[in-house]
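Structural description and commentary
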There are 2 protein chains.
Amino acid sequence: MQIGDGKPLKPAPMVLLGAGAVGLSLLKRILEKRDYLASNYGVSVQLRAVADSQSAVIARGDSLSQEELHQVIVMKQKRFPLAGLSITQPGCGPVELAEKCCERGVVLVDCTASSQTGEALRRTLEIGGKIVLANKMPLTGEYSLYRELTEDLGRSRWETTVGSLLPVISSLNRIRSSGDRVLRITGSFSGTLGFLMTSIQEGKPFGEVVRGAHALGYTEPDPRDDLNGMDVARKALILARGSGWELGLEDVEVENLVPQELEHISLQKFLEKVGELEGEFSARVEQCRRNGHALRYAATVANEGCRVGLTDVDVMSPLGRLKGNDNLAEIHTELFSPNPLVIQGRGAGVDATAAGVLSDILELVLG
Amino acid sequence: MQIGDGKPLKPAPMVLLGAGAVGLSLLKRILEKRDYLASNYGVSVQLRAVADSQSAVIARGDSLSQEELHQVIVMKQKRFPLAGLSITQPGCGPVELAEKCCERGVVLVDCTASSQTGEALRRTLEIGGKIVLANKMPLTGEYSLYRELTEDLGRSRWETTVGSLLPVISSLNRIRSSGDRVLRITGSFSGTLGFLMTSIQEGKPFGEVVRGAHALGYTEPDPRDDLNGMDVARKALILARGSGWELGLEDVEVENLVPQELEHISLQKFLEKVGELEGEFSARVEQCRRNGHALRYAATVANEGCRVGLTDVDVMSPLGRLKGNDNLAEIHTELFSPNPLVIQGRGAGVDATAAGVLSDILELVLG
């Protein structure tokens, strides 16, 4: 392939694990931005394989054809498994796929939400490939796996695991490679909880806000997966480890917004009963308001320990002024002192995350 | 050289152009962070050569010895030319140095403020080397040179040319490689002018603030080089070009805070007469205050044109709330919309800039 000035395009071979919302958006973006990537970066993305949780479509040559890619996109848009396509190879797990397709220079992109991809990512690095993670799970288990997956910055990116498209991890990596030292990080790292908190602050009832956000697809399929704080806790842990601190999930204190009696009932029942929390929340919000404060679900990340949970903040502080699903990171370091480095903006959304993943891939290919 | 676990260190060969304040701070940082870089990144920086405007100290082997580096540091701390050292080779210009030392993999680091280094940087890329610029001049002349020096992200970094250590350029590059499109950028990109403006807002007289900042070394040697807005104009141009817009310095409208009659007098005379501007400034600041506004020296960067100059902003807006020498960038894009990506924090300072340069070097070596 050639660009206008006759130089051949640089191939960017990749394998995609996970064809859910983010993976699908990435595939569409790669198709849409084909000419843009060629003319601006001289790069041509080659899809070696796409896998969902059960099977994989593997290119016979260097890349899936446009036609094959379209078939994959149509199938996943309908939320059907890839197994239904005639071009699909059944029973190809992530490790097998990595060993088959991820030789030197190939990027394995993990857009799953699975805790089972760690070994495939590890193997990819071992055989000379590169990795991009949108998946927090492999980075929030054993510290040794985190270390293995992130220590070679020439071959690994995980920007969208915290704050989606927001350049938080790349900035943290720059801080450390400049010889600066992180002192602590505070902020808001859940678009969903941010949206809920600002809506409640505007006087809307808690139950109604949760049900509305769920109906609009702003929450996880089960909103308790947002409300239990675990997603924010994993992000806090990735920030802590990225600051050079050897911590585990057990070092993060998590405030679960779902009371025990609502934890193990059906989703349907939960959505009916979530309104019962209204009284408690509106009382807290009202008390905050009287003190000139706002209620936020915030994270504090420090070597001494991390905490994620409800926090009263001054309405005029950066956190208090945050709107909608914007995220905010305040990174305090030796050089960013007394004022922190502040990074703020949209920190959620399927298309934003897919865009961030594409940027990670490009960095690895161009680097 | 080896690190603890027995793996050999990866050499990071570099040549430094410019041994002024930033270059000197970088040399000290490289010495100080030697063990840190080895144990965290497995990297050992090798100084092939250091040059000031007249001559260069060139390593006989792979790197200057610690002893030679110390001699260079002592000499430049006294602000003596390198020519006074016995190890110095006279009459070695930047292009000659690049051709002699910057073969494949070597990083040429431009910490000068010279408009004469463009050819050396160009030659370095031509013969397979890499470049890091803290120097705005080569990026704000001919567009074709900007393009040549920045188009290969695997071999070029210029983060500190805008906002010092603040991750503005890297974030802009990520936005573009994600396939997103910049709509406009606004912000404050002069630590010095930010400091002056917030001091005036606090009621301090203009002349006194300028003289005080000059005495403390917060301004350029001649504060008119800050007050004329040209430094901010160059930063605006680098942001515009980094957004993909083929603009030149002539496309940036600049508000010069130095009246014509004070432009061509001696520095001494200027410092005596700068108080004469007090009346005008305090009147403007007072008028802003009455409207609930603050006066800032801000930049607006858009494809239709760029402007840097005094602007009335709401005191409660991010720009209005900016303190001291913090910089602020608000990047509006298709994906960061309606709310922009905000990056804020210390945007000035010799040590911060040197730290940012070290991070650029590491990225190129590890990438």
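Computed from a predicted structure; not experimentally measured.

In terms of regular secondary structure, chain A is built from 15 helices and 13 strands. Scaling as 2.2 N^0.38, a compact globule of 367 residues should have a C-alpha radius of gyration of about 21 Å, and chain A matches this with 21 Å. Seen through its C-alpha atoms, chain A measures out along the principal axes to roughly 65 × 50 × 40 Å. Looking at chain A as a whole, 58% of its 367 residues qualify as buried. Within chain A, residue pairs in contact and separated by at least 24 positions form 67% of the contacts whose partners lie at least 6 positions apart. Entry remark: accessible area of chain A is about 15000 Å², with carbon and sulfur atoms responsible for 48%. Of the side chains in chain A, 40 bear a positive and 47 a negative charge, and the two mean positions are spaced by 4 Å.

Before going further, it helps to examine the relation of the copies chain A and chain B. Laying chain A over chain B is done by rotating through 180 degrees and shifting 0.0 Å along the axis; what remains is an RMSD of 0.0 Å. Between the two chains, the operation in question is that of a two-fold axis.

Glancing now at helix α8 (residues 191-201) of chain A. For α8 of chain A, the tally of buried residues reaches nine of eleven residues, placing the bulk of the element in the interior. G203 of chain A sits one or two positions beyond α8 of chain A and adopts a positive phi of about 100 degrees.

All names here are of chain B. In spatial order, the strands read β4-β3-β2-β1-β5-β6-β7; together these seven strands make up an open sheet with mixed pairing. Of all strands in the sheet, those bounded by a partner on one side alone are β4 (88-90) and β7 (156-157). Sheet topology places strand β3 (residues 55-58) next to β4; three bridges connect them, and they run antiparallel. Paired with A56 across the two strands is Q89, which belongs to β4. Each of β1 (10-17), β2 (43-51) and β5 (107-110) is contacted by helix α1 (residues 21-32), which is oriented at about 160 degrees to β1, the strand it contacts most.

Residue and element names in this part refer to chain A. Judged from the three bridges that link them, strand β9 (residues 252-254) and strand β11 (residues 305-314) form a sheet pairing that is parallel. Its bridge partner lying in β11, E253 is registered against R307. As judged from the ten bridges shared by strand β10 (residues 293-302) and β11, these two strands associate in the antiparallel manner. For A302, the partnering residue across the bridge sits in β11 and is G305. Linking two consecutive strands that pair antiparallel, namely β10 and β11, is a turn of two residues.

All names here are of chain A. Packing of helix α1 (residues 21-32) against helix α3 (residues 66-77) brings their axes to within 10 Å, and their N-to-C directions diverge by 145 degrees. Relative to α3, α1 is oriented so that their crossing is left-handed. Packed against α1, whose contacting residues are L24, L27, K28 and L31, the element α3 presents Q66, L69, H70, V72, I73, K76 and Q77 at the interface. Split into classes, the residues belonging to the contact of α1 with α3 amount to six nonpolar, three polar and two charged.

Our focus in this paragraph is the interface of chain A and chain B. Facing the 48 residues of chain A at the interface are 48 residues of chain B. Summing the contributions of chain A and of chain B, the shared interface buries around 4000 Å²; its carbon and sulfur component is 49%. Sorting the residues of chain A by area buried against chain B places R174, S177 and L335 of chain A first, and these three jointly supply 18% of that buried surface. In this structure, the connection of chain A to chain B is made through four salt bridges. Residue R174 of chain B is joined to D360 of chain A by a salt bridge in which the shortest nitrogen-to-oxygen separation is 2.9 Å. Along the contact surface separating chain A from chain B lie 32 residue pairs in polar contact (both at pLDDT 80 or more). Of all the secondary structure elements, the ones that give two or more residues to the side of chain A that touches chain B are α2 (34-41), α7 (168-177), β13 (341-346) and α15 (350-366) of chain A. The element contributing the most residues to the side of chain A that touches chain B is α15 of chain A, with nine residues. Partitioning the side of chain A that touches chain B into residue classes produces 19 nonpolar, 16 polar and 13 charged. The pairing of β13 of chain A with strand β13 (residues 341-346) of chain B spans three bridges and is classified as antiparallel. Paired with V342 of chain A across the strands is Q344 of chain B, a residue of β13 of chain B.

All names here are of chain A. With their axes 10 Å apart at the nearest point, α8 and helix α9 (residues 206-215) run at an angle of 140 degrees to one another. The orientation of α8 relative to α9 falls into the category oblique. When you trace α8 past α9, the crossing you get is right-handed. Residues F195, L196, S199 and I200 of α8 form the contact with α9, whose own contacting residues are F206, V209, V210 and A213. For the contact of α8 with α9, a count of residues per class yields seven nonpolar, one polar and no charged.

Turning our attention to the packing of aromatic side chains. Tallying each qualifying case throughout the model produces eight aromatic pairs over all chains. Aromatic pair F195 of chain B and Y218 of chain B: ring centres 5.2 Å apart, planes at 90 degrees, arrangement edge-to-face. Here the residue F195 of chain B occupies a position in helix α8 (residues 191-201), and Y218 of chain B occupies one in the loop between α9 (206-215) and α10 (224-227), the gap between them amounting to 23 residues. The class of F195 of chain B is partly exposed, set by a relative accessible area of 25%. The ring of Y36 of chain A has K33 of chain A lying over it, and the distance from NZ or CZ to the ring centre is 6.0 Å.

This paragraph deals with the environment of G305 of chain A. All names here are of chain A. You can see G305 is positioned in strand β11. The exposure class of G305 is partly exposed, given its relative accessible area of 26%. Each C-alpha atom of the pair G305 and T140 lies 15 Å from the other, and the pair is 165 residues apart in sequence. Discounting residues that sit within four places of it in the chain, G305 has contacts with D251 and T300.

This brings us to the sheet that holds β13 of chain A. The mixed open sheet is built from twelve strands, whose spatial order is β9(A)-β11(A)-β10(A)-β8(A)-β12(A)-β13(A)-β13(B)-β12(B)-β8(B)-β10(B)-β11(B)-β9(B). Two strands lie at the open edges of the sheet, namely β9 of chain A together with β9 (252-254) of chain B, each paired on one side alone. The sheet shows a mean angle of 25 degrees between the axes of neighbouring strands, taken without regard to direction. Strand direction decides the pairing type here: strand β12 (residues 326-333) of chain A and β13 of chain A, joined by six bridges, are antiparallel. Each bridged residue has a counterpart across the sheet, and for I331 of chain A the counterpart in β13 of chain A is L341 of chain A. In this fold helix α13 (residues 278-290) of chain A packs onto β10 and β11 of chain A, with an angle of close to 95 degrees to the strand it touches most, β10 of chain A.

Conventions we followed
Residues numbered from 1 in each chain as written. Chains lettered and ligands numbered in written order. Predicted model: local features only at pLDDT ≥ 70, side-chain atom pairs only at ≥ 80, totals over all residues. Heavy atoms only, no water. Helix = DSSP H or I, 4+ residues; strand = E, 2+ residues; numbered from the N terminus. Rg over C-alpha atoms; globule rule 2.2 N^0.38 Å. Buried < 20%, exposed > 50% of the residue type's maximum accessible area, 1.4 Å probe, protein only. Contact = heavy atoms within 4.5 Å. Areas by Shrake-Rupley, 256 points an atom, 1.4 Å probe, with all protein chains shown as cover. Lys, Arg positive; Asp, Glu negative; His and termini not counted. Charge placed at Lys NZ, Arg CZ, Asp CG, Glu CD. Least-squares fit on C-alpha atoms with pLDDT ≥ 70 in both. Pairing = 2+ DSSP bridges. Axes fitted to C-alpha atoms, helices over the stretch in contact; angles between N-to-C directions. Left-handed = near helix turned anticlockwise from the far one by under 90°. Nonpolar A, V, L, I, M, F, W, Y, C, P; charged D, E, K, R; others polar. Buried area = accessible area lost by both parts, 1.4 Å probe. Salt bridge = Lys/Arg side-chain N within 4 Å of Asp/Glu carboxyl O. Polar contact = N/O pair within 3.5 Å; in protein donor to acceptor, adjacent residues only side chain to side chain. Parallel < 35°, antiparallel > 145°, perpendicular 65-115°, else oblique. Phe/Tyr/Trp six-rings, centres within 6.5 Å; stacked < 30°, edge-to-face > 60°. Lys NZ or Arg CZ within 6 Å of the ring centre and 35° of its normal.

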